[in-house]
Number of protein chains: 2
Amino acid sequence: MTESIESYALDEQVGYLLRLANQRHASIFQSHTLEGLTPTQFAALIRIAELGKCSQNRLGRLAAMDVATIKGVVDRLRQKGLTVVEPDPDDKRRTLISLSPEGEALVSQMKDVGQKITNETLKPLTAAEQRNLIRILRKIS
Amino acid sequence: MTESIESYALDEQVGYLLRLANQRHASIFQSHTLEGLTPTQFAALIRIAELGKCSQNRLGRLAAMDVATIKGVVDRLRQKGLTVVEPDPDDKRRTLISLSPEGEALVSQMKDVGQKITNETLKPLTAAEQRNLIRILRKIS
DNA sequence: CTTTGTTTATTATAATACGAACAATTAAAT
DNA sequence: ATTTAATTGTTCGTATTATAATAAACAAAG
């Protein structure tokens, strides 16, 4: 019985490892990103580019962000001049979000950078492991 | 050309998927945890149990937490009565952290719960995929 | 039309998480 | 011994994330 009786290894728990992987990715992201964009802001920007003009709540749902989270993200993107916010004439509850010209320009630049960030994050893995990780993460997300 | 010319699929980027996986795990964690413990607080508690009495900065390094983060975590654990904080007589800079009796008791309970949380998080995967995910995450962490 | 229920957005609170700056202390170098 | 460098802990600022509560507007049903 050379192993610990405790039988709980923190370093092999998926939650702990996900936190570490996230930390490493965030660090790589930060060393590449433009305009001080965060991963969350980046994801929101890409989604707006995909969706076109859409409401704030819908954007949050499709970018996997809470209503409170997406509000803060949209506020910061607007402050940076990357998005345009306007009231929906057809529904007074809604706020419509879209990309500003500066936002559009940044998105095209960020797509290349995004690929570099992904590649560097996956660098320690073989090609098969990289595909495997993406596939498995999609299954548990 | 049915595919998008944009050629950047957010839903296949490792950073975005890691964020989603983390969200799912945090949600499962919260539905199981005792004393309102968060995943971060849980990890710190386990590390203290493994290390025994140690300084705050050392604990932070071994639990993958920033000095500012570990301070907040230790403060909240102390407020809950789970840890004991005392000055190091040999080094006036250091603060020594250890488990209180309540902390020790909680750790043994939390190890079972922790295993349940891991199992539920990995549930959508086959046994081979589960081992694979852990192995791959360890490689990129 | 009015009641009921849902959706949308905002606000507040709490807990990470990191960088940067700071003072106090210890260690190392000369 | 004195200067220099490194470590430790604290604090501040900014960002993300969730929950809960609130208010306004819309939709559906009677």
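Everything below is about the structure printed above this text.
Residues numbered from 1 in each chain as written. Chains lettered and ligands numbered in written order. Predicted model: local features only at pLDDT ≥ 70, side-chain atom pairs only at ≥ 80, totals over all residues. Heavy atoms only, no water.

Participant: For this particular structure, what's the right way to read the overall build of chain A?
Facilitator: From N to C terminus, chain A includes 6 helices and 3 strands. In chain A, the succession of helices and strands from N to C terminus is α-α-β-α-α-β-β-α-α. Referenced to the eigenvectors of the C-alpha coordinate spread, the extents of chain A come out at roughly 70 × 30 × 25 Å. Counting across all 141 residues of chain A, residues that qualify as buried make up 45%. For chain A, the share of sequence-separated contacts (at least 6 apart) that also reach a separation of at least 24 residues comes to 53%. As displayed, chain A offers around 7,600 Å² of accessible surface, 49% of which is attributable to carbon and sulfur atoms. For chain A, the distance from the average site of its 20 positive side-chain charges to the average site of its 17 negative ones is 4 Å. (Helix = DSSP H or I, 4+ residues; strand = E, 2+ residues; numbered from the N terminus. Buried < 20%, exposed > 50% of the residue type's maximum accessible area, 1.4 Å probe, protein only. Contact = heavy atoms within 4.5 Å. Areas by Shrake-Rupley, 256 points an atom, 1.4 Å probe, with all protein chains shown as cover. Lys, Arg positive; Asp, Glu negative; His and termini not counted. Charge placed at Lys NZ, Arg CZ, Asp CG, Glu CD.)

Participant: How should the protein's contact with DNA strand D be read in this particular structure?
Facilitator: Within the structure, DNA strand D sits among 22 residues, and A:Thr38, A:Asp66, A:Arg76, B:Asn57 and B:Thr95 are positioned closest to it. When the atoms of DNA strand D within 4 Å of the protein are sorted by group, sugar and phosphate make up 77%. Within the side chain of B:Arg19, a nitrogen or oxygen atom sits 2.9 Å from a phosphate oxygen of DNA strand D. Considered class by class, the residues forming the surface near DNA strand D number 3 nonpolar, 9 polar and 10 charged. (Near = heavy atom within 4 Å. Polar contact = N/O pair within 3.5 Å; in protein donor to acceptor, adjacent residues only side chain to side chain. Nonpolar A, V, L, I, M, F, W, Y, C, P; charged D, E, K, R; others polar.)

Participant: I tried to follow the protein's contact with DNA strand C on my own but got confused; where do I start?
Facilitator: In the vicinity of DNA strand C there are 23 residues, among which A:Asn57, A:Arg93, A:Thr95, B:Thr38 and B:Arg76 approach most closely. The sugar-phosphate share of atoms of DNA strand C within 4 Å of the protein amounts to 78%. The separation between a phosphate oxygen of DNA strand C and a polar side-chain atom of B:Thr40 is 3.1 Å. Contact between DNA strand C and B:Lys92: a phosphate oxygen at 2.9 Å from a main-chain N or O atom of the residue.

Participant: In this structure, what is going on with the layout of surface pockets? I would like to understand it.
Facilitator: Leftover empty space is mapped by rolling, across the atoms, a probe with the size of a water molecule. Counted as a void, the largest pocket has a volume near 400 Å³. A:Gly15, A:Arg19, B:Asn22, B:His25 and B:Pro39 are, among the 20 residues lining the largest pocket, the residues nearest its centre. Where the lining of the largest pocket is concerned, the elements lending two or more residues are helix H1 (14-32) of chain A together with helix H1 (14-32), helix H2 (39-51) and helix H5 (101-122) of chain B. Broken down by element, the lining of the largest pocket gets its largest block of residues, 6 residues, from H1(B). (1 Å grid on protein atoms, 1.4 Å probe; cavity = no way out; pocket = protein on both sides within 12 Å on 5 of 7 lines; lining within 4 Å. Points joined across faces, edges and corners; volume = space filled by probe spheres on them.)

Participant: Help me understand the relation of the copies chain A and chain B in this model?
Facilitator: Two copies of the chain are present, and they differ by a rotation about an axis and a shift along that axis. The transformation that overlays chain A on chain B combines an axial shift of 0.0 Å with a rotation of 180°, and the residual RMSD is 0.1 Å. On this basis, the relationship between the two copies can be described by a two-fold rotation axis. (Least-squares fit on C-alpha atoms with pLDDT ≥ 70 in both.)

Participant: Looking at this model, I keep getting lost on helix H6 (residues 127-139) of chain B. Mind explaining?
Facilitator: Since the α-helix packs 3.6 residues into each turn, any two residues three or four apart lie on the same face. Compared with the 18 Å implied by 1.5 Å per residue over 13 residues, the 19 Å span of H6(B) between its first and last C-alpha is a close match. Within H6(B), the full set of buried residues consists of B:Glu129, B:Leu133, B:Ile134, B:Ile136 and B:Leu137. Lining the buried residues of H6(B) we find H1 and helix H6 (127-139) of chain A together with H1 and H5 of chain B. (Expected span 1.5 Å × (residues − 1).)

Participant: How do you make sense of the interface of chain A and chain B when you look at a structure like this?
Facilitator: One widely used convention gives an interface's size as the accessible area the parts lose upon coming together. Taken residue by residue, the interface counts 47 residues in chain A and 47 residues in chain B. In terms of surface lost to chain B, no three residues of chain A exceed A:Tyr8, A:Val14 and A:Ile140, which account for 14% of the buried area on that side. Joining chain A to chain B, the criterion identifies 8 salt bridges. Across the pair A:Glu12 and B:Arg138 runs a salt bridge whose closest N-O atoms are separated by 4.0 Å. Taken together, the connections running from chain A to chain B amount to 20 residue pairs in polar contact (both at pLDDT 80 or more). Sorting the residues of the side of chain A that touches chain B by element identifies H1, helix H2 (39-51), helix H5 (101-122) and H6 of chain A as the ones contributing at least two each. It is H1(A) that contributes the most residues to the side of chain A that touches chain B, 12 residues altogether. In terms of residue class, the side of chain A that touches chain B is made up of 23 nonpolar, 12 polar and 12 charged. (Buried area = accessible area lost by both parts, 1.4 Å probe. Salt bridge = Lys/Arg side-chain N within 4 Å of Asp/Glu carboxyl O.)

Interpretation in functional terms is not warranted from these geometric data alone.
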